[in-house]
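Tertiary structure, described
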Amino acid sequence: MSLRLRFHLLTLFFFVISAVPVWLSVRTLAEGIVEQWAVRYAEKQVLYDKERTLQPILREVALARQLANSQYIREWSRQPDEAGATRHAVAEMESFRQSFQDHNYFVGLKGNGRYYFNNAQNEFAGREYRYTLNPKQPKDAWFYDLIRQGRDIHINVNPDPELGITKLWIDVLIRDGSEIVGIAGTGLDLGSFIGNVVEEKVPGVTSLFIDRAGAIQLHRNQALIDYGSVSKRPGERNTIDLLFEDSADRKAIYAAMKLLEVQNGKVVTELVNMGGKRHLAGLVYLPEIDWYEITLLDLDVLLPFGQFSGIILLYALSLLGILVLFNMTLSRLVLQPLGKLDAAMALVETGGQVPASLDQQASGEIGSLMRRFMQMARTVTEARHDLEGKVQERTQALDRLSKTDSLTELLNRRGMSERLEAELVRMAREAWPVGILWLDVDHFKQINDQTGHATGDLALKAIAGIIEAELRRYDVVSRWGGDEFLVMLQPAGAEVLAALGERIRSEVASCRTVLDPAGAIVPLSVSIGGALARPGEDLDSLLHRGDTALYAAKAAGRNVVRLAAPADELTPA
Ligand SMILES: Nc1nc2c(ncn2[C@@H]2O[C@H](COP(=O)(O)OP(=O)(O)OP(=O)(O)O)[C@@H](O)[C@H]2O)c(=O)[nH]1
């Protein structure tokens, strides 16, 4: 995998692993902000609703109290069947009817169980006595339950089947001293009350009212209202358990209700789930009517979390931008120089020259790496050139050695053959006459045998020196093998051959430098055969004729020179 691909994958990896915590932290932060905001909102809303709800109810409660405490009503309740007291009481009730908000009233008397009611239309004028309450009738249980409970004020949503109406009833006990003698009050139209107070006016905000048992008293969904809760057993009530699916939420709401009882005026907020959505519930206790108001804020509606997605998008874009910039910088500072370095290395590998500008393009560590590479490449190139030079030298030396005789340091047979071949070619081209002298030491075996091999070597070296000394600058001598020497002369003529051969023969014969182990002079002599190359003659033929001439010299008694005649007959020198 290339470095570039690895960097891209790494970038992607960093992007993902950094986006996850950022997403989570922004989400947590946003949720925190939403919650804080919602708590404030809920607190304000609850207090506002409390005032809005309480004012009309409290006004009705105050009026109902006055009615219950009215002198006429109390006297009447003492003697409920007395006609005068009844007339006065009805007149009193009618005057209150004008003042109540919905222009209706009711009074129930414990003494005779009679229930009086008139409405805004004055429908029951002269017929205010509507029916008689019966403690055995479940529909009338509310009356007896309230008297038994002895709660001076009670607000209750209850259908009245006798009257065919459902109202928010405000019930106030009529007391005669300590004795409860009846209940007076008024009813508010449930529909309009719900419309005014609990209907959802702001999207995502709903209010409901519950009593101290958690029974729902007012809710915009009237099916959830726990009608006539005062007369129900706990299990029969429509409580907040219907609203909150999580038992933890229910427990939290009941705990908040308990707390509010002792911390009057405070607002408690709880996060709850309702219908699978997050809501913030704000609770407040209304001691005047012994109810709790719950305001529910749908957080997803009021402050959708989606509004924070812009932050995430911005983060993602800026992170992406930074990573792209990082990649571009990385590419410019690292990857591109490394690519050039790689190409330069490949060039050096194949013996090419590194461009001199390579190290000027990068700085820092990469620049340092390039400069070191350049230095190394120069060293390698120099070493290679040096090595090539040495190899060439050694090759030439080996070549020289392969053509040189180690004892006399003259050309050997191979070296001499090459020279002769070349000279014969040159001779053919330039009419440059070539001649050879072939020398053989006389009785050399005897010298070896009598004086030793080392003395034989000395003799060979001495003869080589004599020949070299006699030759002209441009003549070449070689040790042809064993005790034989071959001299090439150029240019050469018969006289030169004869003269040079004779001089060599004579010098060797007069040599006094080679001594045997006993210090005696070893007498030396050579027989010499000479031949002049004929135009177009090859080397074998020339050598053959030289050898024949040498053979003739040997045959003539040795220590003589014989030249091959042009027509192959031998002539004495
Ligand atoms: N010391 C010494 N002897 C050599 C060397 N190379 C060859 N020889 C000897 O040279 C002798 C050559 O002898 P031949 O060519 O057979 O005969 P010769 O004794 O020279 O007799 P003619 O040539 O007939 O005069 C042999 O005994 C070889 O062993 C060498 O490098 N050093």
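Below is a summary of the structure that appears in this document. (Residues numbered from 1 in each chain as written. Predicted model: local features only at pLDDT ≥ 70, side-chain atom pairs only at ≥ 80, totals over all residues. Heavy atoms only, no water.)

**Concerning the overall build of the protein chain**
In terms of helices and strands, the protein chain carries 14 helices and 17 strands. Counting only residues that meet the buried cut, the protein chain has 45% of its 573 residues in that class. When the accessible surface of the protein chain is summed, it comes to about 29,400 Å², and 56% of that surface belongs to carbon and sulfur atoms. (Helix = DSSP H or I, 4+ residues; strand = E, 2+ residues; numbered from the N terminus. Buried < 20%, exposed > 50% of the residue type's maximum accessible area, 1.4 Å probe, protein only. Areas by Shrake-Rupley, 256 points an atom, 1.4 Å probe, with all protein chains shown as cover.)

**Concerning the sheet that holds strand β4 (residues 153–160)**
Taken in spatial order, the 6 strands line up as β3-β2-β1-β6-β5-β4 in an open sheet, and their pairing is antiparallel. One side of each edge strand has no neighbouring strand; the edge strands of this open sheet are β3 (129–132) and β4. Pairwise comparison of adjacent strand axes, ignoring direction, gives a mean angle of 25° for this sheet. Docked against the sheet, helix α5 (residues 190–198) engages β4, β5 (165–176) and β6 (179–189), running at close to 65° with respect to β6. (Pairing = 2+ DSSP bridges. Axes fitted to C-alpha atoms, helices over the stretch in contact; angles between N-to-C directions. Contact = heavy atoms within 4.5 Å.)

**A few points about the site of the ligand**
What surrounds the ligand is a group of 16 residues, the closest being His443, Lys445, Asn448, Asp457 and Arg479. Here an oxygen atom of the ligand sits 2.7 Å away from a polar atom, N or O, in the main chain of Lys445. Here Lys554 contributes a side-chain N or O atom positioned 3.0 Å from an oxygen atom of the ligand. Within the complex, 66% of the 650 Å² of free accessible area of the ligand lies under protein. (Near = heavy atom within 4 Å. Polar contact = N/O pair within 3.5 Å; in protein donor to acceptor, adjacent residues only side chain to side chain.)

**Observations concerning the packing of helix α11 (residues 444–451) against helix α12 (residues 453–470)**
To characterise two packed helices, one gives the angle between the axes of the helices and the distance between these axes. Two numbers describe how α11 lies on α12: the axes approach to 6 Å, and their chain directions differ by 135°. The angle between the axes of α11 and α12 places the two elements in the oblique class. Taken together, the residues of α12 that come into contact with α11 (itself represented by Phe444, Ile447, Asn448 and Thr451) are His453, Thr455, Gly456, Ala459 and Leu460. Tallied by class, residues from the contact of α11 with α12 come to 4 nonpolar, 5 polar and no charged. (Parallel < 35°, antiparallel > 145°, perpendicular 65-115°, else oblique. Nonpolar A, V, L, I, M, F, W, Y, C, P; charged D, E, K, R; others polar.)

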